[in-house]
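# Structural overview for review
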Amino acid sequence: MLNVDGLKNGIVIDHIQAGMGIKIFNYLELDKVNGSVALIMKVSSKKMEKKDIIKIENVVDINFDMLGLMDPNITVNIIEDDKIKEKIKLSLPKKVENLIKCKNPRCITSIEKYIPHKFYLVDEEKSEYRCEYCDEAYKLEF
Ligand code: ZN
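Here's what I pulled together on the structure shown here.

Procedures and definitions
Residues numbered from 1 in each chain as written. Predicted model: local features only at pLDDT ≥ 70, side-chain atom pairs only at ≥ 80, totals over all residues. Heavy atoms only, no water. Helix = DSSP H or I, 4+ residues; strand = E, 2+ residues; numbered from the N terminus. Contact = heavy atoms within 4.5 Å. Core = buried A, V, L, I, M, F, W, Y, C linked by side-chain atoms within 4.5 Å. Buried < 20%, exposed > 50% of the residue type's maximum accessible area, 1.4 Å probe, protein only. Domains from an automatic or database assignment.

### Quick look at the side chain of Thr109
The topology assignment puts Thr109 in helix α3 (residues 108–111). Residues within four places of Thr109 in sequence aside, it is in contact with Cys102, Ile115, Pro116, His117 and Tyr133.

Structure, rendered in structure tokens:
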């Protein structure tokens, strides 16, 4: 049986909304990382009714902006030598670059492929972003 409690070195992505774990797993392409990865679904939680947890053996490069976009309520613990070295509280990034794409066909980023897709946060509650170039609204959906 996979021991999911012990993690000497690695990353624990906690407080994931139940059901989002598999999406995060896929977005972060965790099937491609070196070492074991455990996706634990529908864990009972005091803070939330049910949550998902992802445990990754070894510290890997994770795009925290992307993670924050997908679920800003997530917490990330970096584990080193059996101890929590760092606790990261995610939030919606104020600005994002090349993580989401502008859907306006007349936008410069739709016409010129080399221009980075840049968005800024306009409404934190609604998770709404706007394109820096054309102001097209982008509502996050995963
Ligand atoms: Zn645009």
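### Brief notes about the nonpolar core
One finds Ile13, Ile24, Leu67 and Tyr129 to be the most contacted residues of the largest nonpolar core, which totals 31 residues. At the level of secondary structure, the elements contributing two or more residues to this core comprise β1 (10–17), α1 (21–27), β3 (50–57), α2 (64–70), β4 (75–80), β7 (118–123) and β8 (128–131). In terms of residue count, α2 provides more of this core than any other element does, 4 residues in total. Here this core gathers at least three residues from each of two domains, domain 1 (10–89) and domain 2 (95–139). Beyond its immediate sequence surroundings of up to four residues, Ile13 is in contact with Leu28, Asp52, Ile53, Ile54, Ile56, Ile62, Leu67, Ile74 and Thr75.

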